[in-house]
Amino acid sequence: MISKLDLVLAGVGGQGTLVAGKLLGRVALKAGLDVRVSEVHGMAQRGGSVITYVRMAPNVHSPVVEPGQADFVLAFEQLEALRWAHLLARDGVLLMNMSRVIPMSVGMGQARYPDAVAAALQQAGDGRAVIRALDATRLAREAGSEKAVNIVMLGAMAHFLDIAPDVFTEAIDDVFPLKLQGINQKAFQAGFAIMKENTGA
Amino acid sequence: MKEILLGNEAVAAGAYAAGVKVISSYPGTPSTEITEAAARYERIWCEWAPNEKVALEVAIGASLAGARAMTCMKHVGLNVAADPLFTSSYTGVNGGLVIIVADDPGMHSSQNEQDSRHYARAAKLPLFEPADSQECQDMVLAAFALSERFDTPVLVRLTTRVSHTRAPVALAEIQEQAVKPYQKDVRKHVMMPAMAIARHAAVEQRLVQLGLDSASGGLHEIDLRSGKLGIVTSGIASQYVREALPDASVFKLGLVWPLPVDALRDFAARVDRLVVVEELDPVIETEMKAAGIACEGKALLTPLGEYSASLLRRDLSGQPDPESALPREQLEAAPARPPVMCAGCPHKGLFMALSRLKLIVTGDIGCYTLGAINPTNAMDTCVCMGASVGMAHGMDKATDGEFSRRTVAVIGDSTFLHSGMTGLLNSVYNRSDSTILILDNSITGMTGHQQNPATGRDIRLHEAPAVDLEALCRVLGAASVRVVDPADTWQVEQVVSEEVARSGVSVIIARRPCALIPTGKGRPENAVRLDRDRCRRCKACIRIMCPALTAGPDGYPVIDPNSCNGCGLCVRVCRFDALKRGGEQA
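Computed from a prediction, not measured in an experiment: that's the story for all the values here.

The pairing of strands in a sheet happens through backbone hydrogen bonds and is either parallel or antiparallel. Residues and elements named next belong to chain B. In spatial order, the strands read S3-S2-S4-S5-S7-S6-S12; together these 7 strands make up an open sheet with mixed pairing. Across the chains shown, the open sheet's two edge strands, defined by having one partner strand only, are strand S3 (45-48) and strand S12 (255-257). Strand direction decides the pairing type here: strand S6 (residues 127-128) and S12, joined by 2 bridges, are antiparallel. Residue pairing across strands places Phe-128 opposite Leu-255, the latter belonging to S12.

Right, dumping it as structure tokens:
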């Protein structure tokens, strides 16, 4: 069982980072750990960049994950991976959904959406971090709803964690209403399985 | 098992456990979720008041009638409620009275960064500052007990990071509170000079007693570690201290006002160097220095923004930050995502019209403040709730009427009812020629869709009387009251032009519900479609900055059918008839 986990959920308003954070709070309690889930409200529905910090340990003080401190960065789209990558600790894991949400400046032709983000991250990491890209949006759609992209990302992370999978599946049932539990359980399994495939483990 | 609660939800849980009967509030980030969470407890009478002053007055009335009462607001809301606050300090309470004020260091969603602890000093009231969700619940309970024990309203100050962080809470036992008997007490409850003179003396005495009691009753935590460095801190700053300075001795204050001066003096004697770590203003530091306790504070640490463990390491310990696996310097900068008006937002068309008319626009507080930035750049001022109306009148008088021919005040429905109404009354009374645009989107939008007196629903979404804005403006004396559809930008331009030219006070109500109120119309089949044969790639539609419409790599617009809500604003700006509303023939 894990004893300490610092992670960030980075996305754009509406991508479900808040729900994922809430779910991880349940996971921490089930693992017997103290936890802080720090959210940014207010601009969440307005196309803004949304970051949620999650910290769990026997005793947590600051609710904020600072640069170089995150064991995991879960980026729900590529630009947000680039924006928050510097939070990743040495030997940390960055998981990036391959989807792109075009910011207004790019949509208006005033800025460029960076290409080959995954390669740029690999190069900057230079072996100091694990960087994995996945098509979480497709996996979520296949599970029944694109909205489950947040749970696909948690499934992918769970592959790297020493937490009994039923801790997550119970937390999913705690957080979602009955009619959405099936989709989210499937989404979680899909995220978990795709990491297994990619590592060949 | 513990519950995981937002700081704000934990405040509501504390109020429920304390047996609170009445909560009246006005929404404001980061405080809004407290009253929303409290509304889930059926036993509590919860309401949205039109502004914070009314909300506090409701709570004072409930308290004097014998019930435990609470009001919740953001920092700038306490400015609005400051008048009753100061005098409720004199009247004291019957049932416990707690005022929650949520500050916003870092200004995540605010127009200033004021430190509300100054109100505790100025109004001579005790103030608690919780550092996490558990303390939010526990200090609200303690605040009610202190309120009744010392016959005083009590402030509880939150900050955004505490309000919006989820953490485990062991729920407190529910205290059943009977409403206390009401007693008429003119000397205590009617504040006119003869009575207030006596009450002021009682307030001063109470403050001394509170200071003496604080050491034992203030929920402080003293953690003696190294004698080299001692830190005095409170609230969220204490969490960063424990993170960044594990060896330091820490005096964490629960009750921040009045200070437990003797206990702090003892603590100071046990350490070689004493530093006060508090976000924003040097409130604790100044008071300690006044008491003759040598300490450092703002000479080392900034009065700006939020603190962090990293900031404390840099300025206090010199310890290096952890090494990033992906340092920022090695990565391309990511284009920012500044907030924009939503797809289908009714404010967007309105500001496009104002931008074309090149008017001076006195603005106000709400989503529509985004009209000040790209693409419309159609706002000149934004100061506080309701300011747009009075400022337009002031500009009129300053220029002997010249500005009134090219100025409009822009204010939302909720903001107008909050404190724009009195401005309108003033403009009418003092013979203004100003023009006021009320953006009626049928909701309090910016704070996340709260009901208000114009929406016809109360906080629990039960039917409620809805004020008739047209009738209200007429009865306040507006010479002209007209209603327009903000999506019809040509109509807006025409009506605004006519009304700014007219003498007397004009009100134009731009009415269209917020695009985020579910209507069932935002289906992909209703999305706007592009006729590529007609499109000349002029980018007129791109320039309206709709989140649902972006420029494709080939220069043609791309419409996201899942985001488009079919408002048709882009259809109106297209001069080549290349965009079609959903359902129309391409």
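Those residues of helix H5 (residues 82-91) of chain B that sit buried are B:Ala82, B:Pro84, B:Leu85, B:Ser88, B:Ser89 and B:Thr91. Count one or two residues on from H5(B) and you reach B:Gly92, which has phi positive near 70°.

Another point: the nonpolar core. Core analysis: the biggest nonpolar cluster contains 87 residues, and A:Leu121 and B:Met70 have the highest contact counts within it. When residues in this core are grouped by element, the largest group, 9 residues, is from helix H7 (residues 133-150) of chain B. If you count residues domain by domain, this core takes at least three from each of domain 1 (3-217) and domain 2 (222-317) of chain B. Not counting residues within four places of it along the chain, the set of residues in contact with A:Leu121 comprises A:Ala81, A:Leu82, A:Ala85, A:Leu94, A:Met96, A:Ile131, B:Leu326 and B:Leu331. In terms of nonpolar packing, the next biggest core, distinct from the first, is built from 47 residues, A:Ile2, A:Leu7, A:Leu9 and A:Val149 among them.

Residues and elements named next belong to chain B. Along the polypeptide, Ser-497 turns up in helix H19 (residues 489-501). For the pair Ser-497 and Val-271, spaced 226 residues apart in sequence, the C-alpha to C-alpha distance is 70 Å. Among the polar contacts listed, one links the side chain of Ser-497 to the backbone oxygen of Glu-493, at a separation of 2.7 Å.

Here we come to the domain arrangement of chain B. Residues and elements named next belong to chain B. Each assigned domain of chain B is listed here: domain 1 (3-217), domain 2 (222-317), domain 3 (346-511) and domain 4 (524-580). Taking only C-alpha atoms into account, the centre of domain 1 sits 33 Å from that of domain 3. Contact residues are listed per partner, giving 21 residues for domain 1 and 16 residues for domain 3. Between domain 1 and domain 3, a total of about 1,300 Å² is buried, with carbon and sulfur atoms accounting for 56% of that surface.

Glancing now at the packing of H7(B) against helix H10 (residues 193-217) of chain B. To describe two helices that pack against each other, one gives the angle between their axes and the distance between the axes. Residues and elements named next belong to chain B. Their axes nearest at 11 Å, the elements H7 and H10 cross at an angle of 135°. With respect to H10, the axis of H7 lies oblique. Where H7 crosses over H10, the handedness of that crossing is right-handed. Side by side, H7 and H10 meet where Leu-146, Arg-149 and Phe-150 of the first sit next to Arg-206, Gln-209, Leu-210 and Asp-213 of the second. Considering only residue class, the contact of H7 with H10 consists of 3 nonpolar, 1 polar and 3 charged.

Here we have 8 strands laid out as an open sheet, ordered S6(A)-S5(A)-S4(A)-S1(A)-S3(A)-S2(A)-S8(B)-S1(B), and mixed in their pairing. In this open sheet, the two edge strands, each paired with only one partner strand, are strand S6 (130-134) of chain A together with strand S1 (3-6) of chain B. Across this sheet, the average inter-strand angle for adjacent strands is 15°, counted without regard to direction. Pairing of strand S4 (residues 70-75) of chain A with strand S5 (residues 88-97) of chain A involves 5 bridges; the strand directions are parallel. Within the sheet, the bridge partner assigned to A:Val73 lies in S5(A) and is A:Leu94.

The interface of chain B with chain A comprises 50 residues on the first partner and 59 residues on the second. When the area that chain B buries against chain A is broken down by residue, the three leading residues are B:Arg166, B:Leu326 and B:Arg337, summing to 17%. Inspection of the chain B/chain A interface yields 7 salt bridges. Notably, a salt bridge pairs B:Arg166 with A:Glu39, separated by 2.6 Å at the nearest N-O pair. If you list the elements that add at least two residues to the side of chain B that touches chain A, you get S1, strand S8 (165-169), helix H11 (235-244), helix H14 (309-317) and strand S20 (549-551) of chain B. A per-element tally of the side of chain B that touches chain A places H11(B) first, with 5 residues. Broken down by class, the residue content of the side of chain B that touches chain A amounts to 27 nonpolar, 10 polar and 13 charged. Note that strand S2 (residues 34-38) of chain A and S8(B) share 2 bridges and pair antiparallel. Looking across to S8(B), one finds that A:Val37 is bridged to B:Arg166.

Right, let's get into unusual backbone geometry. All names here are of chain B. Here the bond from Thr-29 into Pro-30 is cis, since omega is 10°, no more than 30 degrees from zero. Mapped onto the secondary structure, Pro-30 falls in the loop between strand S2 (22-25) and helix H2 (32-38). Of note, the bond from Trp-257 into Pro-258 is cis; its omega dihedral lies within 30 degrees of zero at -10°. As for its placement among the helices and strands, Pro-258 is situated in the loop between S12 and helix H12 (261-269). Positioned with a positive phi, Asn-377 is a non-glycine residue whose angle comes to about 50°. A residue is classified by how much of its surface remains accessible, and Asn-377, at 47% relative accessible area, is partly exposed.

Here we come to the pattern of salt bridges. Under the defined criterion, the tally for this structure stands at 55 salt bridges over all chains. A salt bridge links A:Glu80 to B:Arg337; the nearest nitrogen and oxygen atoms lie 2.5 Å apart. Taken as a pair, A:Glu80 in helix H2 (residues 78-84) and B:Arg337 in the loop between H14 and helix H15 (346-357) lie in two separate chains rather than in one. Of the two residues, A:Glu80 and B:Arg337, both sit in the buried class. One salt bridge in this structure joins A:Asp115 and A:Arg112, with 3.4 Å as the shortest N-O distance. The exposure class assigned to A:Arg112 is partly exposed, which follows from its relative accessible area of 47%.

Turning to the packing of helix H17 (residues 413-429) of chain B against helix H18 (residues 469-476) of chain B, a few remarks are in order. Residue and element names in this part refer to chain B. Following both chains from N to C, one finds H17 and H18 inclined at 25°, their axes separated by 9 Å at the closest point. Considered as vectors, H17 and H18 are oriented roughly parallel to each other. Every pair of crossing elements has a handedness; the one defined by H17 and H18 is right-handed. Contacts between H17 and H18 involve Asp-413, Phe-416, Leu-417, Met-421, Leu-424, Leu-425 and Val-428 from the first element and Leu-469, Leu-472, Cys-473 and Leu-476 from the second. Of the residues contributing to the contact of H17 with H18, the split by class is 10 nonpolar, no polar and 1 charged.

It is worth spelling out the packing of aromatic side chains at this point. To describe a pair of aromatic rings, one takes the distance between the centres and the angle between the planes. As enumerated under the stated definition, the model contains 6 aromatic pairs over all chains in all. Consider the rings of B:Tyr16 and B:Tyr41, whose centres lie 4.1 Å apart with planes at 10°: the pair is stacked. Within this pair, whereas B:Tyr16 is found in helix H1 (residues 7-17), its partner B:Tyr41 is found in the loop between H2 and S3, the two being separated by 25 residues in sequence. Look at B:Phe251 and B:Phe267: their rings are 5.6 Å apart centre to centre, the planes differ by 80°, and that puts the pair in the edge-to-face class. Taken together, the residues B:Phe251 in strand S11 (residues 248-253) and B:Phe267 in helix H12 connect sequence positions 16 residues apart. Considered together, B:Phe251 and B:Phe267 belong to a single accessibility category, that of buried residues. Three or more aromatic residues joined by ring pairs make a cluster, and in this case those are A:Phe168, A:Phe188 and A:Phe192.

What counts as what
- Residues numbered from 1 in each chain as written.
- Chains lettered and ligands numbered in written order.
- Predicted model: local features only at pLDDT ≥ 70, side-chain atom pairs only at ≥ 80, totals over all residues.
- Heavy atoms only, no water.
- Pairing = 2+ DSSP bridges.
- Helix = DSSP H or I, 4+ residues; strand = E, 2+ residues; numbered from the N terminus.
- Buried < 20%, exposed > 50% of the residue type's maximum accessible area, 1.4 Å probe, protein only.
- Core = buried A, V, L, I, M, F, W, Y, C linked by side-chain atoms within 4.5 Å.
- Domains from an automatic or database assignment.
- Contact = heavy atoms within 4.5 Å.
- Polar contact = N/O pair within 3.5 Å; in protein donor to acceptor, adjacent residues only side chain to side chain.
- Buried area = accessible area lost by both parts, 1.4 Å probe.
- Axes fitted to C-alpha atoms, helices over the stretch in contact; angles between N-to-C directions.
- Parallel < 35°, antiparallel > 145°, perpendicular 65-115°, else oblique.
- Left-handed = near helix turned anticlockwise from the far one by under 90°.
- Nonpolar A, V, L, I, M, F, W, Y, C, P; charged D, E, K, R; others polar.
- Salt bridge = Lys/Arg side-chain N within 4 Å of Asp/Glu carboxyl O.
- Phe/Tyr/Trp six-rings, centres within 6.5 Å; stacked < 30°, edge-to-face > 60°.

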